[in-house]
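Coordinate inspection notes
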Amino acid sequence: MIAFGSSITSPEAYERYAGPGISRAAEADSPVFAHAAAGSVARSYNLMIERAAPYEALEALVLLHQDAEIVDPDFCAKLRDALRDQEVGVVGCVGAVGATSIAWWEGSVTWDAFARCYRELKGAPMPDLHWNGEKLPPHAPMGEVDTLDGFMLALSPWAVRNVRFDESLDLLYGHDFDFCLQVRAAGRKVVAAPLDVTHHHRLELVTDPEAWMEAHMRTADKWTGRMPHIQESNGDWRQRARQAEAEAGVARLAGASKLLQAYARAEEQDNGLKEITDTRSWRVTEPLRRLNARRKGRREPA
């Protein structure tokens, strides 16, 4: 039995995205825990985990952001396949290897099986690597990763009964990174799998830079010395260093967001042009356009 859960701050977003996706993927015996957010993301998710834990037949608990939509008709079958390895603790759609902070995209990103739909672009889908096979680079394999993007997390029965989101951090950002580190610290695997999910969100990646920096520092403080590539440090300079690191991370994210917006708008324009030039009327009138261009060229002064 696979259960589903979503923390709702916007009923409209849930009814438009997560709700239909859950209905599409859920099986006849799938419990659905969808309710208004109860404080932090960590608190809301932990309440869902507590509700799912007593089910003896539980195979997985899928936690979705309200703007994430499952579009894979074989979602449950693929998830069961990913969880066949009893060492797997949590499964997602996109993750990274070599991530050392909540800025996980600075690792070697495994953008596996999701598409973006940007509200500013009227919901036009932007497939990522798995859905755009001809552009798939060799550095983006599926499988075990260090951390996952938390817009969709599928928790194994072991994770449901042994791991909780850290409510003491009270994070708007980074709760997914912290959860994956807990899973890895317990000796279990974090895995990216081909579970096709569309993430509907804004082009702006971080809406609250101050909260992002706070999450960066608090998570780094918790995991210093317990995570690969993070060295123990002593002295008052550590807080200043973390502050600088957080500011640099959010600045890079802001730059990446601007670049992402430019790419998205360029692709939208290309798609719009292609829709026009692929029409029969465009092809039929092409000789006339060429003739008019030649005539205009002859009229231009030397």
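Residues numbered from 1 in each chain as written. Predicted model: local features only at pLDDT ≥ 70, side-chain atom pairs only at ≥ 80, totals over all residues. Heavy atoms only, no water.

1. Describing the environment of Trp158
Relative to the helices and strands, Trp158 is located in helix α4 (residues 157-162). Accessibility expressed as a relative area gives 19% for Trp158, which makes it buried. Residues Trp158 and Glu59, 99 residues apart in the sequence, show an inter-C-alpha distance of 9.4 Å. Discounting residues that sit within four places of it in the chain, Trp158 has contacts with Gly89, Val163, Val183, Ala186 and Arg188. (Helix = DSSP H or I, 4+ residues; strand = E, 2+ residues; numbered from the N terminus. Buried < 20%, exposed > 50% of the residue type's maximum accessible area, 1.4 Å probe, protein only. Contact = heavy atoms within 4.5 Å.)

2. Observations regarding the packing of aromatic side chains
Aromatic ring pairs: the centre-centre distance and the angle between the two ring planes describe each pair. Evaluation of the coordinates by the stated rule reveals four aromatic pairs. Centroid distance Phe4 to Phe75: 6.2 Å. Interplanar angle 40°. Geometry classified as tilted. Of this pair, Phe4 sits in strand β1 (residues 2-8) while Phe75 sits in helix α3 (residues 75-82), and the two are 71 residues apart along the sequence. Comparing Phe4 with Phe75 shows no difference in burial state: the two are buried. An aromatic cluster is present here, built from Tyr45, Phe165 and Phe179 joined pairwise through their rings. (Phe/Tyr/Trp six-rings, centres within 6.5 Å; stacked < 30°, edge-to-face > 60°.)

3. Looking at the environment of Cys76
Structurally, Cys76 can be placed in helix α3. The exposure class of Cys76 is buried, given its relative accessible area of 5%. Counting along the chain gives 49 residues from Cys76 to Glu27, while the straight-line C-alpha distance between them is 8.1 Å. In contact with Cys76, not counting residues within four places along its chain, are Ile2, Phe4, Ala25 and Glu27.

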